[in-house]
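Single-letter residue listing:
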Amino acid sequence: MQEHQNMSDIDATKIFRVPTTDATSPNLMGPEEVTAPTLTIVKGPQAGMTFTLDGDVITIGRDPSNSVFLNDMTISRHHAKINLLHDDYGMATIEDLDSLNGTWVDGTIINKAILQDSSTIQIGTFRMVFNTRKPGRIQTGQ
């Protein structure tokens with residue numbers, strides 16, 4: 001004998017809730033986790049690429065041995081370095097390594113400069129944003 005279902009049970013919308021203890025569901029409303037600083041290319045040949053800066057000293061250049069390898073002829077083999085040890089100024093710094101085209105921070109050519117969260121770094125055809133915490137969405141452009 002077949003059971004007769006109530007019509008309201010058939011048409012009822014079922015609500016599914018993911019348990020808060022489920023490890024696969026991100027906590028979008030929780031505090032932002034601090035991770036290693038990042039360098040995100042917002043303009044240039046590799047736009048959208050993000051490098052996690054997980055060492056004390058980060059080297060940037062066209063030579064593949066650099067921590068941040070930028071494959072473009074406008075970049076010197078050993079162009080610049082970022083010091084995350086915070087020793088000279090109490091903050092992260094970037095230093096130009098006598099590159100041919102120079103290093104720019106927030107629109108100013110530098111020999112050495114302090115990096116702050118969201119500082120813009122221009123090296124050759126690459127424009128990058130330095131972030132000390134996990135970035136949100138970064139706009140890329142031409």
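In the block above lies the structure referred to throughout.
Rules used in this analysis
Residues numbered from 1 in each chain as written. Predicted model: local features only at pLDDT ≥ 70, side-chain atom pairs only at ≥ 80, totals over all residues. Heavy atoms only, no water. Helix = DSSP H or I, 4+ residues; strand = E, 2+ residues; numbered from the N terminus. Buried < 20%, exposed > 50% of the residue type's maximum accessible area, 1.4 Å probe, protein only. Contact = heavy atoms within 4.5 Å. Areas by Shrake-Rupley, 256 points an atom, 1.4 Å probe, with all protein chains shown as cover. Pairing = 2+ DSSP bridges. Axes fitted to C-alpha atoms, helices over the stretch in contact; angles between N-to-C directions. Core = buried A, V, L, I, M, F, W, Y, C linked by side-chain atoms within 4.5 Å.

Colleague: I keep staring at the overall build of the protein chain and nothing clicks. Help me out?
Modeller: On a plain count of helices and strands, the protein chain comes out with one helix and 11 strands. In the protein chain, the order of α-helices and β-strands from amino to carboxyl end is α-β-β-β-β-β-β-β-β-β-β-β. Taken over 142 residues, the protein chain has a buried fraction of 30%. Sequence separation of 24 or more characterises 37% of the internal contacts of the protein chain that already satisfy a separation of 6 or more. Here the protein chain has roughly 10,000 Å² of accessible surface; of this, 51% comes from carbon and sulfur atoms.

Colleague: Any chance you could explain the environment of Leu39 here in plain terms?
Modeller: As for its position among the elements, Leu39 is in strand β1 (residues 38-43). Each C-alpha atom, one on Leu39 and one on Arg127, is 9.9 Å from the other, the two residues being 88 residues apart in sequence. Not counting chain neighbours up to four residues away, the residues in contact with Leu39 comprise Met49, Thr50, Phe51, Leu53, Ile60, Val68, Ile82, Ile121, Met128, Val129 and Phe130.

Colleague: What should I look at first to understand the sheet that holds strand β5 (residues 80-83) in this one?
Modeller: By definition, the strands of a sheet pair up through backbone hydrogen bonds, in either a parallel or an antiparallel sense. Pairing is mixed in the open sheet, where five strands are placed in the order β4-β3-β5-β6-β9. The two strands at the open ends of the sheet, each matched to only one other strand, are β4 (68-69) and β9 (112-114). Where strand β3 (residues 57-61) lies against β4, two bridges are found, and the strand directions are parallel. If you follow Gly61 over to β4, its bridge partner there is Phe69.

Colleague: It is not clear to me how unusual backbone geometry should be interpreted in this structure. Could you clarify?
Modeller: Leave glycine aside and you will find that most residues have negative phi; peptide bonds, for their part, are mostly trans. A positive phi angle, near 50 degrees, is found at Asp106, a position not held by glycine. Mapping Asp106 onto the fold places it in the loop between β7 (103-105) and β8 (108-110). Here Asp106 falls in the partly exposed class, since its relative accessible area comes to 48%.

Colleague: Help me understand the sheet that holds strand β10 (residues 119-123) in this model?
Modeller: Strand order in the open sheet made by the six strands is β2-β1-β11-β10-β7-β8, with antiparallel pairing throughout. Each edge of the sheet is formed by a strand with only one pairing partner; in this case those strands are β2 (50-52) and β8. Strand-to-strand twist in this sheet, taken as the mean axis angle between neighbours without regard to direction, amounts to 30 degrees. Alignment of β1 against β2, held across three bridges, turns out to be antiparallel.

Colleague: Is there a simple way to think about the environment of Gly124 in this case?
Modeller: With respect to the element layout, Gly124 can be found in the loop between β10 and β11 (126-131). In this structure Gly124 comes out as partly exposed when scored by relative accessible area, which is 24%. Once the C-alpha coordinates of Gly124 and Asn101 are considered, the two residues, 23 residues apart in sequence, prove to be 6.3 Å apart. In contact with Gly124, not counting residues within four places along its chain, are Thr74 and Ile75.

Colleague: It is not clear to me how the nonpolar core should be interpreted in this structure. Could you clarify?
Modeller: Soluble globular proteins: nonpolar side chains tend toward being buried together. Membership of the largest hydrophobic core comes to 23 residues, with the highest contact counts inside it found for Leu39, Leu53, Leu70, Ile82, Ile94 and Ile121. Residue assignment for this core shows that the elements contributing at least two residues are β1, β3, β5, β10 and β11.

Colleague: Looking at this structure, how should I read the pairing of β1?
Modeller: A regular strand places its side chains on the two faces of the sheet in alternate fashion. With respect to burial, β1 is a largely interior element, five of its six residues being buried. Linkage of β1 to β2, two consecutive antiparallel strands, is achieved through a turn of six residues, within which Gly44 is found at a positive phi near 130 degrees.

Colleague: Explain the side chain of Asn83 here, please?
Modeller: Structurally, the position occupied by Asn83 is in strand β5. Judged by its relative accessible area of 13%, Asn83 falls in the buried class. Other than its neighbours up to four places away in sequence, Asn83 contacts Asp56, Val57, Met91, Ala92 and Thr93.

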